[in-house]
Amino acid sequence: MTSAALDVQLHDLQPSADDMLGDVLEGLSRQPKQLSSKYFYDARGSRLFERICEQPEYYLTRAELALMREHLSQIADALGPEVLLVEYGSGSGIKTRLLLEHLHAPVAYMPVEISRSALMASVERLADDHPSIQMLPVCADFTQPIELPIPDRKQRRTVIYFPGSTIGNFEASQAVRLLRQMREEMGENGAALVGVDLLKDPAIIESAYNDAAGVTAAFTLNMLVHINRELGADFDVDGFAHRARFNPQTERIETHIDSLRKQDVHIEGRAFHFDAGESILVEYSCKYSRESFARLVGEAGLRVERVWTDPDELFSLQYLVAA
Ligand code: AVJ
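This write-up is about the structure you can find in this document. (Residues numbered from 1 in each chain as written. Predicted model: local features only at pLDDT ≥ 70, side-chain atom pairs only at ≥ 80, totals over all residues. Heavy atoms only, no water.)

## With respect to the overall build of the protein chain
Along its length, the protein chain carries nine helices and 15 strands. Here the C-alpha radius of gyration of the protein chain, 20 Å, is about what a compact globule of 323 residues would show, namely 20 Å. Over its C-alpha atoms, taken along the principal directions, the protein chain stretches across nearly 60 × 45 × 35 Å. Across the 323 residues of the protein chain, 54% fall into the buried class. Long-range contacts, defined as pairs at least 24 residues apart, comprise 71% of the intrachain contacts of the protein chain with a sequence gap of at least 6. Side-chain charges of the protein chain comprise 32 positive and 49 negative groups, with the mean position of each set lying 2 Å from the other. (Helix = DSSP H or I, 4+ residues; strand = E, 2+ residues; numbered from the N terminus. Rg over C-alpha atoms; globule rule 2.2 N^0.38 Å. Buried < 20%, exposed > 50% of the residue type's maximum accessible area, 1.4 Å probe, protein only. Contact = heavy atoms within 4.5 Å. Lys, Arg positive; Asp, Glu negative; His and termini not counted. Charge placed at Lys NZ, Arg CZ, Asp CG, Glu CD.)

## Considering the site of the ligand
Close to the ligand lie Tyr41, Phe49, Ile52, Tyr58, Leu60, Gly164, Ser165, Asn169, Tyr209, Phe219, Glu283 and Ser285, which account for all nearby residues. Contacts to the ligand include Tyr58, whose side-chain N or O atom sits 2.5 Å from an oxygen atom. For the ligand, whose free accessible area comes to 350 Å², the fraction covered by protein is 95%. Sorting the residues of the shell around the ligand by element identifies α2 (43–52) and β13 (279–286) as the ones contributing at least two each. (Near = heavy atom within 4 Å. Polar contact = N/O pair within 3.5 Å; in protein donor to acceptor, adjacent residues only side chain to side chain. Areas by Shrake-Rupley, 256 points an atom, 1.4 Å probe, with all protein chains shown as cover.)

## Section: helix α6 (residues 172–186)
The periodicity of an α-helix, 3.6 residues per turn, causes residues three or four positions apart to be oriented the same way. Between its terminal C-alpha atoms α6 stretches 21 Å, which fits the 21 Å expected from 15 residues at 1.5 Å a residue. Among the residues making up α6, those that are buried are Ala175, Val176, Leu178, Leu179, Gln181, Met182, Glu185 and Met186. Buried-residue contacts for α6 involve β3 (83–88), β7 (157–162), β8 (191–197), α9 (290–299), β14 (302–309) and β15 (315–322). Just beyond α6, the residue with positive phi is Gly187, at close to 80°. (Expected span 1.5 Å × (residues − 1).)

## A few points about the environment of Ile150
Turning to its location among the elements, Ile150 is positioned in the loop between β6 (138–139) and β7. Sequence separation between Ile150 and Ala108 is 42 residues; the distance between their C-alpha atoms is 9.4 Å.

## Considerations on the packing of α6 against α9
Close contact between α6 and α9 brings their axes to 8 Å; oriented N to C, the two are set at 55°. Classified by the interaxial angle, the pair formed by α6 and α9 is oblique. The two elements α6 and α9 cross, and the hand of that crossing is right-handed. On α9, the residues touching Ala172, Ala175, Val176, Leu179 and Arg180 of α6 are Leu296, Val297 and Glu299. Taken together, the residues that form the contact of α6 with α9 break down as six nonpolar, no polar and two charged. (Axes fitted to C-alpha atoms, helices over the stretch in contact; angles between N-to-C directions. Parallel < 35°, antiparallel > 145°, perpendicular 65-115°, else oblique. Left-handed = near helix turned anticlockwise from the far one by under 90°. Nonpolar A, V, L, I, M, F, W, Y, C, P; charged D, E, K, R; others polar.)

## Some points on the nonpolar core
The biggest cluster of nonpolar side chains holds 67 residues, and the ones touching the most others in it are Val24, Leu28, Leu193, Ile227, Phe235 and Ile267. Ranked by the residues each element gives to this core, the list is headed by helix α3 (residues 59–79), at 10 residues. With residues up to four places along the chain from it excluded, the contact list for Leu28 reads Lys33, Gln34, Leu35, Phe235, Ile267, Phe272, Phe274 and Ile280. If you look at the next biggest cluster of nonpolar residues, it comprises 36 residues, including Met186, Cys286, Leu302 and Leu320. (Core = buried A, V, L, I, M, F, W, Y, C linked by side-chain atoms within 4.5 Å.)

## Focus: unusual backbone geometry
Across the junction of Gln31 and Pro32, the peptide omega takes the value 0°, indicating a cis bond. Locating Pro32 in the fold gives a position in the loop between α1 (20–29) and β2 (33–34). You will see that Ala105, though not glycine, has its phi angle at about 45°, which is positive. Tracing the backbone shows Ala105 in the loop between α4 (94–102) and β4 (108–113). You can call Ala105 partly exposed: its relative accessible area is 46%. One non-glycine residue, Glu313, adopts positive backbone phi at about 55°. Looking at the element boundaries, Glu313 is found in the loop between β14 and β15.

## Observations concerning the sheet that holds strand β10 (residues 252–259)
On the basis of which strands lie adjacent, the open sheet formed by four strands has the order β2-β13-β10-β9 and mixed pairing. Looking along the sheet, the strands with just one partner apiece sit at the ends: β2 and β9 (240–247). Note that β10 and β13 share seven bridges and pair antiparallel. Each residue of the ladder has a partner; that of His256, found in β13, is Leu281. Set on the sheet, helix α8 (residues 215–231) makes contact with β9, β10 and β13; between it and β9 the angle comes to about 120°. (Pairing = 2+ DSSP bridges.)

## Things to note about the pairing of β8
Working note: regular strand, side chains alternate between the two faces of the sheet. With seven of seven residues buried, β8 is to be regarded as a mostly interior element. Bridge count between β7 and β8: four bridges; the pairing is parallel. Of the residues in β8, the one forming a bridge with Phe162 is Val194. When β8 meets β15, the two strands line up antiparallel, connected through seven bridges. Bridged to Val196 within β15 is Ser316.

Okay, structure coming up:
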């Protein structure tokens, strides 16, 4: 069997395996309790996230795809020919495919992803369909500064692609840090293409994180299932509930896991007490106006060159260059 995927060279920066036990013990010792949203994503969590994207209330994915389909030729023209496309996270397929198919002679596709298996799976799917685009998978934590490998053919410009409103998971100060790092990695002549969910009627936003079928609730509580399996904890999942509310002051969805009763949870011989109603903060999903995102970007030494949106202005794709 011959396959383009077999020739793909992995650029392994050997990201330090995250210390899940240390992290979880520390987060549950805080007041209020807090756990990182990265612990949603075991195999089941990733499947549940894909199902969230299909729920009628979760407009983000549909709106982002719609705006891309509508504006692809403009997007490709803005990026220009012979780009090195660097993606933060491994391309979940369809959006990345759309871009690669419409870009003008891209020199290489470089997903940066901490999970070696997710990284290689995504590249293998793309390699056979795009034999003329060099696949340069980088195993690394994209939140840390990285030295990008050099493609065989020299790029005219480096473009960092960060779709899906993942930027919304970062608090403002962290988001600025990440944008500054993007500016470093893309260079003076580079650009970034960032998917950003827009502020809108809070009822629409809240329902996206509280779908009627309960998929988001299952996704949220799966974090406890994941921690039980990975760390031998004894969370009684039925004793907790998902709660996602839009905070109008901070303009973000704040997702919590609430304890339904007074209870204790044990991890590695340590006990963590929960009062009835006590919660664990597990995720922020920040929403931006065009103005508030432009301000954020400005703090990172970037400026917004173009914004594409879907017809209902639910979601935006922001094209950023050095200020
Ligand atoms: C993948 C981070 C963009 O915040 O909307 C979806 C994750 N959480 N439903 C988001 C998520 C609950 C999602 N991001």
